[in-house]
Amino acid sequence: MRKRNIKRNKLLLKLLIMTSVFILLGIFYIAILSKSNKHMIKENLELFFSSLKKLNYTKAFINCFSSNMIFTIFIWIFGISIVGIPIILIFLIIKSFILGFSISSFIYFYHWKGVIASLIYIIPLIINLFTIVILSYYGILFSKNLNKLLFFKKEIRFKNIMRKYLKILLFSLLIITLSSIIEIYVVPNILKLLGI
């Protein structure tokens, strides 16, 4: 049992290190972009801020929640599949990189104002990333247990593991509902109040 816990802790630590590395890569990525790409990013940020003034909250919430939910369910499903681990890791890498890139983009183009904007804007992104790390962790464990059962004929309590994995999905959906509410109803209004 202790050996298993050490292995699980190592897995979680590896996922956290990988997440941190790709957040940093996302932060530094803007430095190597060409002027035309930077200009395009600035235009997209300006479009984002102007869209906040005429935001249709209900439509935006449905779109935000739907995309977060699909992403979450995809990760969960890939945990059930035997070959799902690399895909789960790719999803985690993408989300980590996007978080880092979002932070650096705000700061690069809006300086001190961008620091405040990024701190507010990344709150739901951090919540989503936390959810993905937890889901990835349990997805990888589930996939490993499935491999043990199918290929090594090891006895595992499959029903208990499946029940726990379903609870993780429900917990993840609850958290992304909260993050979607924050992203659509809270973040834009705080940015407006601050005049960003």
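Note that the structure is a prediction, hence the values are computed from the model and not measured. (Residues numbered from 1 in each chain as written. Predicted model: local features only at pLDDT ≥ 70, side-chain atom pairs only at ≥ 80, totals over all residues. Heavy atoms only, no water.)

A surface patch of nonpolar side chains, amounting to about 470 Å² of accessible area, comprises Ile116, Ile181, Tyr185, Val186, Ile190 and Leu194. For the nonpolar patch, the element with the most residues is helix α5 (residues 158-193), which contributes four residues. Structurally, the position occupied by Tyr185 is in helix α5. On the accessibility criterion, Tyr185 (35% relative accessible area) is partly exposed. (Patch = residues over 30% accessible without salt bridge, like charges linked within 9 Å, V, L, I, M, F, W, Y side chains within 5 Å. Areas by Shrake-Rupley, 256 points an atom, 1.4 Å probe, with all protein chains shown as cover. Salt bridge = Lys/Arg side-chain N within 4 Å of Asp/Glu carboxyl O. Helix = DSSP H or I, 4+ residues; strand = E, 2+ residues; numbered from the N terminus. Buried < 20%, exposed > 50% of the residue type's maximum accessible area, 1.4 Å probe, protein only.)

Glancing now at the packing of helix α3 (residues 57-80) against α5. The N-to-C vectors of α3 and α5 enclose an angle of 150 degrees; their axes lie 9 Å apart at closest approach. In terms of axis orientation, α3 runs roughly antiparallel to α5. Where α3 crosses over α5, the handedness of that crossing is right-handed. For the contact of α3 with α5, the residue count by class is 19 nonpolar, nine polar and two charged. (Axes fitted to C-alpha atoms, helices over the stretch in contact; angles between N-to-C directions. Parallel < 35°, antiparallel > 145°, perpendicular 65-115°, else oblique. Left-handed = near helix turned anticlockwise from the far one by under 90°. Nonpolar A, V, L, I, M, F, W, Y, C, P; charged D, E, K, R; others polar.)

Within the secondary structure, Ser102 sits in helix α4 (residues 84-151). The buried category is assigned to Ser102, whose relative accessible area is 12%. Only 2.8 Å separates the side chain of Ser102 from the backbone oxygen of Ile98, close enough to count as a polar contact. Among residues more than four places away in sequence, those in contact with Ser102 are Tyr121 and Leu125. (Polar contact = N/O pair within 3.5 Å; in protein donor to acceptor, adjacent residues only side chain to side chain. Contact = heavy atoms within 4.5 Å.)

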